Amino acid sequence: MVWRLQKNLSWFLKSLPSECLRLEVVASAGWKFEFGAPARMTKVVCNDPLGKKVCVKCNTDDTTGELKKLIAAQTVTRWNKIVLKQWYMIFKDQVSLGDYEIHDGMNLELHYQ
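I will try to describe carefully the structure that is included in this document. What you see is a predicted model; the values in this text were computed from it and never measured. (Residues numbered from 1 in each chain as written. Predicted model: local features only at pLDDT ≥ 70, side-chain atom pairs only at ≥ 80, totals over all residues. Heavy atoms only, no water.)

### Considering the overall build of the chain
Helix and strand content of the chain: two helices and seven strands. Along the chain, helices (α) and strands (β) appear in the sequence α-β-β-β-β-α-β-β-β when read from the amino end. Burial statistics for the chain: of 113 residues in total, 24% are counted as buried. A sequence separation of at least 24 residues applies to 41% of the contacts in the chain between residues at least 6 apart. Summed over all atoms, the accessible surface of the chain reaches about 8,300 Å², with 57% contributed by carbon and sulfur. (Helix = DSSP H or I, 4+ residues; strand = E, 2+ residues; numbered from the N terminus. Buried < 20%, exposed > 50% of the residue type's maximum accessible area, 1.4 Å probe, protein only. Contact = heavy atoms within 4.5 Å. Areas by Shrake-Rupley, 256 points an atom, 1.4 Å probe, with all protein chains shown as cover.)

Below, the structure is given as structure tokens:
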């Protein structure tokens, strides 16, 4: 039974175009299928007022809270003390980078609370 399921699953995956299917392994639930365009990797450059520059690669569907955690790993600061700005707009933690239209190679201001 398991072999038949694996055989049918592999045939199903081969029949779909690779750019339309993103397959994730979830530890507790088994397989998770997501149909649609895969998330694109972007490179975000953050500059702080002291002159330090941090380059982070992340997905467009990541939230700014996840981006702060990636920045905190490089700058050795706590992620909840980081404030991301662009001009006078402060980015909220729950909104994704795609919703803020943050694209590849974009510069953000990095401030600390």
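The rest of the description comes next.
### Considering the side chain of Thr75
On the secondary structure map, Thr75 appears in helix α2 (residues 64-75). A distance of 3.0 Å separates the side chain of Thr75 from the side chain of Thr77, its partner in a polar contact. Other than its neighbours up to four places away in sequence, Thr75 contacts Lys52, Val54, Ile82 and Tyr112. (Polar contact = N/O pair within 3.5 Å; in protein donor to acceptor, adjacent residues only side chain to side chain.)

### Topic: the pattern of salt bridges
Tallying each qualifying case throughout the model produces one salt bridge. A salt bridge links Asp93 to Lys68; its shortest N-O distance comes to 2.7 Å. Here Asp93 is found in the loop between β6 (89-90) and β7 (106-112), whereas its partner Lys68 is found in helix α2, with 25 residues between them in sequence. Taking the relative accessible area as the measure of exposure, Lys68 reaches 7% and is therefore buried. (Salt bridge = Lys/Arg side-chain N within 4 Å of Asp/Glu carboxyl O.)

### Examining the packing of aromatic side chains
In total, this model carries one aromatic pair according to the counting rule given. Seen from the ring of Trp79, Lys69 lies directly overhead, with NZ or CZ sitting 4.9 Å from the centre. (Phe/Tyr/Trp six-rings, centres within 6.5 Å; stacked < 30°, edge-to-face > 60°. Lys NZ or Arg CZ within 6 Å of the ring centre and 35° of its normal.)

### A look at the pairing of strand β3 (residues 41-47)
When β3 meets strand β4 (residues 53-59), the two strands line up antiparallel, connected through seven bridges. Directly across from Cys46, in β4, lies its bridge partner Val54. The antiparallel hairpin formed by β3 and β4 contains five residues in its connecting segment, where Gly51 sits at a positive phi of about 100°. Pairing of β3 with β7 involves four bridges; the strand directions are parallel. Among the inter-strand pairings, Asn47 is bridged to a residue of β7, identified as Glu109. (Pairing = 2+ DSSP bridges.)

### A few points about the sheet that holds strand β5 (residues 82-86)
Read from one edge of the open sheet, five strands run β4-β3-β7-β5-β6, paired in mixed fashion. Looking along the sheet, the strands with just one partner apiece sit at the ends: β4 and β6. Bridge analysis of β5 against β6 gives two bridges, and the strand direction is antiparallel. When the sheet's bridge partners are listed, Gln86 is paired in β6 with Met89. Its contacts with the sheet put α2 on β3, β4, β5 and β7, and the angle it makes with β4 is roughly 140°. (Axes fitted to C-alpha atoms, helices over the stretch in contact; angles between N-to-C directions.)

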